[in-house]
Amino acid sequence: RRSSDLSSLPDKLRHDVSRRWSLKDRVESAERQIILEALSGANGIKSRAARLLGIDRRNLSYFLHKHGIP
């Protein structure tokens, strides 16, 4: 894509596209963002965030560790 084609995208998306992340990097970034949103929606209560995500608390712990989220 030419940079002029990217000018209509929001800054956040334009930055991601310009970095040309691999699919794996982009999926992990999205996964991290979804986990952070669930934690926020659950007021930081991990068991509630896990329920929102449809996973058990143990899996949430794995993802928190994977993404370096305290």
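Residues numbered from 1 in each chain as written. Predicted model: local features only at pLDDT ≥ 70, side-chain atom pairs only at ≥ 80, totals over all residues. Heavy atoms only, no water.

1. Notes on the overall build of the protein
Using the following cut-off: Helix and strand labels come from DSSP, where a helix needs a run of H or I of at least four residues and a strand needs a run of E of at least two; each type is numbered from the N terminus. When a residue's accessible area, from a 1.4 Å probe over protein chains only, is under 20% of the maximum for its type it is buried; when over 50% it is exposed; and in between it is partly exposed. Two residues qualify as a contact provided that any one of their heavy atoms is within 4.5 Å of a heavy atom in the partner residue. Methods summary: accessible areas were calculated by the Shrake-Rupley approach with a probe of 1.4 Å, and residue burial reflects only the protein chains presented.
Scanning the protein from terminus to terminus reveals four helices and zero strands. The buried share among the 70 residues of the protein stands at 17%. A fraction of 39% describes how many contacts in the protein between residues 6 or more apart in sequence connect residues 24 or more apart. Here the protein displays about 5500 Å² of accessible surface, and carbon together with sulfur accounts for 51% of that area.

2. Side note on the nonpolar core
Going by this rule: For the purposes of this section, nonpolar cores are sets of buried Ala, Val, Leu, Ile, Met, Phe, Trp, Tyr and Cys residues that join through side-chain atoms within 4.5 Å.
Core analysis: the biggest nonpolar cluster contains nine residues, these being I35, A38, L39, A42, A49, A50, L60, L64 and I69. Elements with a contribution of two residues or more to this core: helix 2 (23-41), helix 3 (46-53) and helix 4 (57-66). Every residue in contact with L60, bar those within four places of it in the chain, is listed here: I35, K46, A49, A50, L53 and I55.

3. Brief notes about unusual backbone geometry
Positioned with a positive phi, N43 is a non-glycine residue whose angle comes to about 55°. Residue position: N43 is located in the loop between helix 2 and helix 3.

4. Observations concerning the confidence of the model for the protein
To be explicit about the condition: Confidence per residue, as judged by the predictor, is encoded in pLDDT with a range of 0 to 100.
For the protein, the average pLDDT comes to 86, and 73% of its residues sit at 70 or higher. Taking the mean pLDDT of every element in the protein, the minimum, 60, falls on helix 1 (residues 11-19) and the maximum, 98, on helix 3.

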